[in-house]
Amino acid sequence: MKRQRNRGRVAAAALAAMCATAVLPGQAHAAGPGVYAFDPEAKKVQGATANVEASELDEGVPYRSTIRPGEKLYYRVTLDDVSAAYVSAVAVPGDGGTVAYGDGVNVSLRETDDSQCGSGRANFGSGEYARPIAAYAFRTVEEGSTTCQESGQYDVLVERESKDTSDSGTWDLELRFLQEPRLRSGSSMPTEAPDSWPSASPPPLTGEQQKRSGGAGYTEATSLENGRWQDTVAPGQTRFYRVPVDWGQQIHATAGLSNSTGSAEEFVGNALTLSLANPAQGPVSDATLSYSGGPASASLRPLPPVAYRNRFDSSTQVSAMRFAGWYYLSVSLSPKLKESYGAEPIPFELSVQVKNKAEESPYDGDAGVFGVTDQDREVARKGQNAEQAAKSGPMKAVAAAGIGTGSVLVLGLGVWMLLARRRAAAGAPAAGYPAGGGHQGHQPPQGW
């Protein structure tokens, strides 16, 4: 009897946990410091030191790989002769690893004869502490150009640069290959960079502050719309968010770190880093703030409205604002704050403003990740990340908690029947049954 009761308690406890999971969809994942949430659909791929041995990356498929200090690794993609192509690499150092100013990754896209199509670099900049950083390389199809215009196979080279005094551990990589949709037939797009754009910062928002917890990676990035959003970030931690920015729209963002509730007033340079990446996970801009225990804030410099012509500008900040879609904001806090201010998370406010009316997409057909839909705006209003949004779509609502509601009900009924049979076999009345034998409509236990 005692063993049967224990089994019943274990089964009931497991079922209760699953039921709790099923009724809590959309809960933000609060990862600990130094933890990065990779795309759960990512396939593992090994980089090659010889380009002829490189594994091929499929378009739209996330990949995971690794890279050691000083290593140069090749991957391969197949391009057509009409689409702009983008390959991004998110470098994720180990938790607590030491990094220097020049440490980072370089990503280049090359023809198989080593002619370079384009390259991009990301490093830790003035915020010299380990955190996820992203870089991308791209191929642009241009009339009159003779380099990297043909269809066929191309090499992707990812290089890691690390100082001798930096951490020698292996970094993880998250890789993605995307191709931009084709332009509408007959459309004539500008081929020169913009001369100017509205560069004044908007007045600070005054609306009510709301709480919204950031994710631990690009895939878990919490959606935001215009507003003042409150969250917390611990030393060594990075929070991710995403904002839909359509054609013709301009994004502004400010991060304000709260004062310390203790008595410490130690100065920490570059204590917080606010970064912006575009829909292809290409770096756009960042800002840092120093901290002495009092309130401090940092704002991204004014960026141009999203426009196709921005890609022809020599400035990375302008060039990266080349297409619409989800733009990613990340907030990282230096692990150095732990020494003076403790390991507890510190509250901060992320203020987001997207200005201007949306303009028409230049693409032919579905823009994919390079566009903004009404559904995207609704997702931003609800604060969902990509996985939550996908599970709450049509015909997928029952899977919003990672296990279908129908599965929970079926499993619950099965556990209840199992307990009833065991109790009956032991001579005890089953839960929901009156003593004396007969039953009343097979009622499940109270609480179902």
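Note: the structure precedes this text.
What comes next is a walk through the structure. Computed from a prediction, not measured in an experiment: that's the story for all the values here. (Residues numbered from 1 in each chain as written. Predicted model: local features only at pLDDT ≥ 70, side-chain atom pairs only at ≥ 80, totals over all residues. Heavy atoms only, no water.)

1. Thoughts on the pairing of strand E2 (residues 63-67)
Residues Tyr63, Ser65 and Ile67 point to one face of E2 and are all buried, whereas Arg64 and Thr66, pointing to the other face, are not buried. Across two bridges, the pairing between strand E1 (residues 43-44) and E2 is parallel. Of the residues in E2, the one forming a bridge with Lys43 is Tyr63. Sheet topology places E2 next to strand E9 (residues 171-179); five bridges connect them, and they run antiparallel. In the sheet register, Arg64 faces E9, and the bridge partner there is Glu174. (Buried < 20%, exposed > 50% of the residue type's maximum accessible area, 1.4 Å probe, protein only. Helix = DSSP H or I, 4+ residues; strand = E, 2+ residues; numbered from the N terminus. Pairing = 2+ DSSP bridges.)

2. Describing the packing of aromatic side chains
The final tally for this structure, using the stated rule, is 14 aromatic pairs. Taken together, a centroid distance of 5.8 Å and an interplanar angle of 90° make the contact between Phe124 and Trp171 edge-to-face. With Phe124 in the loop between strand E6 (116-123) and strand E7 (133-139) and Trp171 in strand E9, this pair connects stretches of sequence that are 47 residues apart. Taken individually, Phe124 and Trp171 each receive the classification buried, so the pair is uniform in this respect. Plain terms: the ring middles of Trp247 and Tyr363 are 5.7 Å apart, the flat faces sit at 70° to each other, and that makes the pair edge-to-face. Residue Trp247 is found in the loop between strand E13 (238-245) and strand E14 (250-257), and its partner Tyr363 is found in the loop between strand E19 (346-355) and helix H4 (374-382); the two are separated by 116 residues along the sequence. Residue class for Trp247 comes out buried when judged on its relative accessible area of 4%. (Phe/Tyr/Trp six-rings, centres within 6.5 Å; stacked < 30°, edge-to-face > 60°.)

3. Focus on the state of the cysteines
If you walk through the whole model with that rule in mind, you get one disulfide. A sulfur-sulfur separation of 2.1 Å characterises the disulfide bridge that pairs Cys117 with Cys148. Between Cys117 and Cys148, the S-S dihedral sits near -90°, and the bridge is therefore left-handed. Residue Cys117 is found in strand E6, and its partner Cys148 is found in the loop between E7 and strand E8 (152-161); the two are separated by 31 residues along the sequence. On the accessibility criterion, Cys117 (22% relative accessible area) is partly exposed. With a relative accessible area of 1%, Cys148 lands in the buried category. (Disulfide = S-S within 2.5 Å.)

4. With respect to the environment of Gln179
Locating Gln179 in the fold gives a position in strand E9. Residue Gln179 is classed as buried on the basis of its relative accessible area, which comes to 14%. The spacing of Gln179 and Glu59 is 120 residues in sequence and 7.2 Å in space, taken between C-alpha atoms. When sequence neighbours within four positions are dropped, the list of residues in contact with Gln179 reads Glu59, Thr78, Leu79, Asp80, Ser83, Ala84, Ala85 and Phe370. A polar contact of 3.2 Å, which involves the side chain of Gln179, links it to the side chain of Glu59. (Contact = heavy atoms within 4.5 Å. Polar contact = N/O pair within 3.5 Å; in protein donor to acceptor, adjacent residues only side chain to side chain.)

5. A word on the nonpolar core
In summary, soluble globular proteins display a tendency toward joint burial of nonpolar side chains. Formed by 50 residues in total, the largest nonpolar core has its most connected members in Leu329 and Leu350. When residues no more than four places from it in sequence are discounted, the contact partners of Leu350 are Leu224, Gly227, Arg228, Trp229, Tyr241, Thr254, Ala255, Leu274, Leu329 and Val331. In terms of nonpolar packing, the next biggest core, distinct from the first, is built from 30 residues, Leu57, Tyr63, Ala91 and Phe177 among them. (Core = buried A, V, L, I, M, F, W, Y, C linked by side-chain atoms within 4.5 Å.)

6. Topic: the sheet that holds E13
Reading across the sheet, the five strands line up as E11-E13-E18-E15-E16 and stay open at both edges, with mixed pairing between neighbours. A single partner strand is all that each edge strand has here, and the edge strands are strand E11 (222-223) and strand E16 (283-291).

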